Every structure is written in C-alpha cells, then in structure tokens.
Amino acid sequence: MLHKLLISFFSFITIQTAHAWTVNSQIAIGSKGEFQDTVTLSCRPDETLCQQVCQAKDSCWKEQELCFNCLGTANPILRTVFTEINRLYRNSKKVVPTAEIGKVFQKEHVFISARSIYNFYSAVDNADVLARFQSLCPTSSAQPLVVLGKNFNNEPVQIKYIICEGVGQYNQGMYVLEYSPQTQVGITNLTTKP
C-alpha cells in the first residue's frame, strides 16, 4: 500500500513539473530571395501558454526581426555562440518556469539554432557548432536553441538560455546559461640557458 502511494505521489510530481510546450526555429527563403527566420511556440492541448502568449490554443508564430549588426563577424556575442559557447558558458540546471517562457517568446530575444543565418564563422551545417550547443543540454537534444537577449537597437547583448529537448513531443525545457569559462591547463617544458 505504501509502495503504491509513493508511486502515485512521484507520478503526480512528475506530471506537475513536465513541460507542455516546444519552440522551433525554421529558416526559409522568401519570395524575393530574402532569408526569413521564424520561431514557433507549440503547446500541448492541455497547456494554456499559447493562449496567454498569442490567444491561440495550439501554437504561436513570429518572424524574428533581423538583428542589427549580426550579418557578419562584428558581433562578439554571436562569435562566442558559434565558436566557443561550450567553453565559456555552462548550463546552470535552473529551469525557466513555464510562466516566464511566454515573456521570453514575446520580448526582446533572438532564438539561435546551430543552423543559423547569423553563423558567419563556419559552414551552415557544421557538426562542431551543433555539438557545442548539444553539450550544454542535460538531455540528448537533436536541435537545441540558444536564446540571446537584445538591446533597444535590436542587437544581441547577452547569452541567456538554452532550450533543450526532453522526452515526448511537447517536453522541452529552457535552462539558464551562466558565464563559467573553462580553462585548459597544459604541460609546458621550460628550459633554461646553461
């Protein structure tokens, strides 16, 4: 009896903490040859997040604005994202509450996938970039998204979150990233002149 009660209790906790949404980024080429970067928030039928964000039951869609000073190698935040995010940042394991996900989706944020129009540092489908993103996730994630904060000039200024896949269609998690440089200590041979 106690065993069944404990299983029920842990099942209830798991259900209450399970996420019921997913965010996807998609790049397409518009009718005039321009790049279009869209982000879609999808919600499980019993989740109210999409209703709160865009008054739709199952999904919210938005086209990301082209960020200022991003199409090139001048932005140091994007350089970090595509070349050394896994060396300079770590996943704090702090999960962003579902109530905050809507604010992140609506407000001044850029969602960056490994296959991004802002990657001027390597080939579009670079496996190393994807591996860097994936290494920040606590679970196996096929296509994590890094979330950057923008300033009033629509320019990325802060690396904030990573969205990782969980188990099931609507079970992603958004985690806080924190600056935590990893340094490599090598062995050097020092010689002195006789």
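Residues numbered from 1 in each chain as written. Predicted model: local features only at pLDDT ≥ 70, side-chain atom pairs only at ≥ 80, totals over all residues. Heavy atoms only, no water.

A. Up close: the sheet that holds strand β4 (residues 89-95). Read across the sheet, five strands follow the order β4-β8-β7-β6-β5 without closing on themselves; strand pairing throughout is antiparallel. Unpaired on one side and paired on the other, β4 and β5 (109-113) mark the two borders of the sheet. Across the sheet, the mean angle from the axis of one strand to that of its neighbour is 35 degrees, orientation sign disregarded. Strands in contact with helix α3 (residues 76-83) are β4, β5, β6 (145-150) and β7 (156-165); relative to β7, the strand with the most contacts, it is inclined by about 30 degrees. Strands in contact with helix α5 (residues 98-106) are β5, β6, β7 and β8 (172-179); relative to β5, the strand with the most contacts, it is inclined by about 90 degrees. (Pairing = 2+ DSSP bridges. Helix = DSSP H or I, 4+ residues; strand = E, 2+ residues; numbered from the N terminus. Axes fitted to C-alpha atoms, helices over the stretch in contact; angles between N-to-C directions. Contact = heavy atoms within 4.5 Å.)

B. Main features of the packing of aromatic side chains. Counted under the stated rule, the structure contains four aromatic pairs. Between F82 and Y121, the aromatic rings sit 6.3 Å apart at their centres with planes inclined by 25 degrees, giving stacked as the arrangement. Of this pair, F82 sits in helix α3 while Y121 sits in the loop between β5 and α6 (127-134), and the two are 39 residues apart along the sequence. For F82, a relative accessible area of 1% gives the class buried. (Phe/Tyr/Trp six-rings, centres within 6.5 Å; stacked < 30°, edge-to-face > 60°. Buried < 20%, exposed > 50% of the residue type's maximum accessible area, 1.4 Å probe, protein only.)

C. Focus on the confidence of the model for the protein. Scored by pLDDT, the protein has a mean of 83; 85% of the residues are at 70 or more. Taken as a whole, residues 1-17 scores under 50 in pLDDT and shows zero contacts with residues more than four places along the chain or in a different chain. (pLDDT = per-residue confidence, 0-100.)

D. The arrangement of the sheet that holds strand β3 (residues 59-63) in detail. Read across the sheet, three strands follow the order β1-β2-β3 without closing on themselves; strand pairing throughout is antiparallel. Each having just a single partner strand, β1 (21-29) and β3 make up the two edges of the open sheet. On average, each strand axis in the sheet is tilted by 20 degrees relative to the strand beside it, whichever way the strands run. Taken together, the five bridges between strand β2 (residues 35-43) and β3 define a ladder with antiparallel strand orientation. In the strand pairing of β3, V39 is matched with K62.

E. View of α3. Residues of α3 that are buried: I77, L78, T80, V81 and F82. Of the surrounding secondary structure, the elements contacted by the buried residues of α3 are α4 (85-88), β4, β5, α6, β6 and β7. The backbone nitrogen of I77 lies 2.8 Å from a side-chain oxygen of the residue at the head of α3, namely N75. (Polar contact = N/O pair within 3.5 Å; in protein donor to acceptor, adjacent residues only side chain to side chain.)

F. Summary view of the nonpolar core. In terms of nonpolar packing, the biggest core is built from 25 residues, with V81, I85, I112, Y118, F133, L148 and I159 touching the most fellow members. The set of elements that each furnish at least two residues to this core consists of α3, α4, β5, α6, β6, β7 and β8. Counting residues per element, this core draws most heavily on α3, at four residues. Apart from residues lying up to four places away in sequence, Y118 is in contact with D37, E65, L66, C67, C70, L71, L78, F82, V110 and I112. Counting residues in hydrophobic clusters, the runner-up holds 19 residues, among them L41, V53, F111 and I163. (Core = buried A, V, L, I, M, F, W, Y, C linked by side-chain atoms within 4.5 Å.)

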